[in-house]
Amino acid sequence: MKTKPGALANLFGPSNNDQFATLLRQLSETVVQCSSHFVETQGRDLQGIVDFEHKADALVDAIHELLDNSFIMRFDIPDSMKLTDDLDNVIDGMRKVAIHLDVYRLHLGELRPAALELMQIGDRMASMLHALIRMLGEPKLKLAKVRELATAVDDAEAEADRLVSSVERMLVEEYSRPGANAIGFIAWHQLFHLLEEMTDDANHVARHILSLARKEA
């Protein structure tokens, strides 16, 4: 016989689902704000990005503490933990790019159009993630709607992959010429790798929420 949620609540206390959804929404809002600033400054404001990261870290700590002290949750606690950490990774990715731009600033002057385009793709993905996260506050995830948004995120990630693949070919050709600056190649190649990694992290979040929606269907 399956135990009713109400009976479990009497044993272990009330559910923290609403508080979890609120904190996660605040975390996704921070991701969106950080992404907007990241695009506006072209990733050059390292301290500003770090400030957003610190704000996100405080929210992640609050979510972890909440989950550590919860017994009855709408989603499995390990799933909730992973979703939180995956979302936090998106901001961590922006920080990595900002650090890289700062370290290699002598070799990374005006950003190439492809780099700016990748930043824009990441920003679009952040907005879609926020829409997905907001759905977690609804009584039940709507699988069709979640799948639609998750597919859009996946398409954006595929667009980023194609762009990076094209850029890498051009970089190899450009820096294979006699007298090419090896450090310059490293600087640009790693920058595009980090930007692509940001889109991968965003896609992980969308896929995780899609998985949760399937479990609720």
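The structure displayed is predicted, hence computed values, not measured ones.

Asker: Even after reading the chapter, I still don't get helix H2 (residues 17–40), so can you show me in this structure?
Answerer: Since one α-helical turn is 3.6 residues long, residues separated by three or four positions face the same way. For H2, with 24 residues, the first-to-last C-alpha span of 35 Å sits near the 34 Å given by 1.5 Å per residue. Looking at the packing, one finds that the buried side of H2 touches helix H3 (46–68), helix H4 (77–103), helix H5 (113–135) and helix H7 (182–216). In the segment just after H2, Gln 42 is the residue with positive phi, at about 55 degrees.

Asker: Got a minute to help me understand unusual backbone geometry in this structure?
Answerer: Note: most peptide bonds trans; most residues except glycine with negative phi. Even without being a glycine, Gln 42 presents a positive backbone phi close to 55 degrees. Tracing the backbone through its elements, the reader meets Gln 42 in the loop between H2 and H3.

Asker: Sorry if this is basic, but what is going on with the side chain of Asp 86 here?
Answerer: Counting through the fold element by element, Asp 86 comes out in helix H4. A relative accessible area of 9% means that Asp 86 is categorised as buried. Those residues in contact with Asp 86 that lie beyond four places of it in its chain are Asp 201, His 204, Val 205 and His 208.

Asker: Any chance you could explain the packing of aromatic side chains here in plain terms?
Answerer: The description of two aromatic rings rests on the distance between their centres and on the angle between their planes. Under the counting rule described, the total for this entry stands at two aromatic pairs. The ring centre of Trp 188 lies 4.5 Å from the NZ or CZ of Arg 112, which sits over that ring.

Asker: Would you explain the environment of Leu 116 in this entry?
Answerer: For Leu 116, the location among the structural elements is in helix H5. Leu 116 sits in the partly exposed class, given a relative accessible area of 28%. A sequence separation of 79 residues divides Leu 116 from Leu 195, and the C-alpha atoms of the two residues are 9.7 Å apart.

Asker: Would you explain the pattern of salt bridges in this entry?
Answerer: Pairs can form between side chains of opposite charge whenever their charged atoms are close. For the coordinates displayed, the defined rule picks out eight salt bridges. Asp 79 serves as the salt-bridge partner of Lys 215, at 2.7 Å between the closest nitrogen and oxygen. Taken as a pair, Lys 215 in helix H7 and Asp 79 in helix H4 lie far apart in primary sequence, 136 residues in all.

Asker: Would you mind showing me how to read the environment of Ala 56 here?
Answerer: Relative to the assigned elements, Ala 56 resides in helix H3. Each C-alpha atom, one on Ala 56 and one on Ser 28, is 8.8 Å from the other, the two residues being 28 residues apart in sequence. Excluding residues that lie within four positions of it along the chain, Ala 56 makes contacts with Leu 27, Thr 30, Asp 88 and Ile 91.

Asker: Would you take a moment to explain the packing of H2 against H5 for this structure?
Answerer: Helix-helix packing is described using two parameters, namely the angle between the two axes and the distance between the axes. Packing of H2 against H5 leaves a shortest axis separation of 9 Å and a crossing angle of 165 degrees. With respect to their mutual orientation, H2 and H5 come out roughly antiparallel. As H2 packs across H5, the resulting crossing turns out to be left-handed. Contacts between H2 and H5 involve Leu 24, Arg 25, Ser 28, Glu 29, Val 31, Val 32, Ser 35, Ser 36, Phe 38 and Val 39 on the former and, on the latter, Met 119, Gln 120, Gly 122, Asp 123, Ala 126, Ser 127, His 130, Ile 133 and Arg 134. Class assignment of the residues belonging to the contact of H2 with H5 gives a composition of eight nonpolar, seven polar and four charged.

Asker: How should the confidence of the model for the protein chain be read in this particular structure?
Answerer: Detailed conclusions should not be drawn from predicted coordinates in areas where pLDDT is low. Mean pLDDT for the protein chain: 91, with 93% of residues reaching 70 or above. Summarising per-element confidence for the protein chain, the mean pLDDT is lowest in helix H1 (residues 5–12) (40) and highest in H5 (97). Within the model, pLDDT remains below 50 along residues 1–14, and this stretch shows nine contacts once partners closer than five positions in the same chain are excluded.

Asker: It is not clear to me how the nonpolar core should be interpreted in this structure. Could you clarify?
Answerer: Within soluble globular proteins, side chains that are nonpolar tend to cluster in buried spots. Counting residues in hydrophobic clusters, the biggest one holds 68 residues, and the most contacted among them are Leu 24, Met 94, Leu 129, Leu 191, Phe 192 and Leu 195. Going through the elements one at a time, H2, H3, H4, H5, helix H6 (143–174) and H7 are the ones with two or more residues in this core. The leading source of residues in this core is H7, at 14 residues. Setting aside residues no more than four positions away along its own chain, Leu 195 makes contact with Phe 38, Val 97, Ala 115, Leu 118 and Met 119.

Calculation criteria
Residues numbered from 1 in each chain as written. Predicted model: local features only at pLDDT ≥ 70, side-chain atom pairs only at ≥ 80, totals over all residues. Heavy atoms only, no water. Helix = DSSP H or I, 4+ residues; strand = E, 2+ residues; numbered from the N terminus. Expected span 1.5 Å × (residues − 1). Contact = heavy atoms within 4.5 Å. Buried < 20%, exposed > 50% of the residue type's maximum accessible area, 1.4 Å probe, protein only. Phe/Tyr/Trp six-rings, centres within 6.5 Å; stacked < 30°, edge-to-face > 60°. Lys NZ or Arg CZ within 6 Å of the ring centre and 35° of its normal. Salt bridge = Lys/Arg side-chain N within 4 Å of Asp/Glu carboxyl O. Axes fitted to C-alpha atoms, helices over the stretch in contact; angles between N-to-C directions. Parallel < 35°, antiparallel > 145°, perpendicular 65-115°, else oblique. Left-handed = near helix turned anticlockwise from the far one by under 90°. Nonpolar A, V, L, I, M, F, W, Y, C, P; charged D, E, K, R; others polar. pLDDT = per-residue confidence, 0-100. Core = buried A, V, L, I, M, F, W, Y, C linked by side-chain atoms within 4.5 Å.

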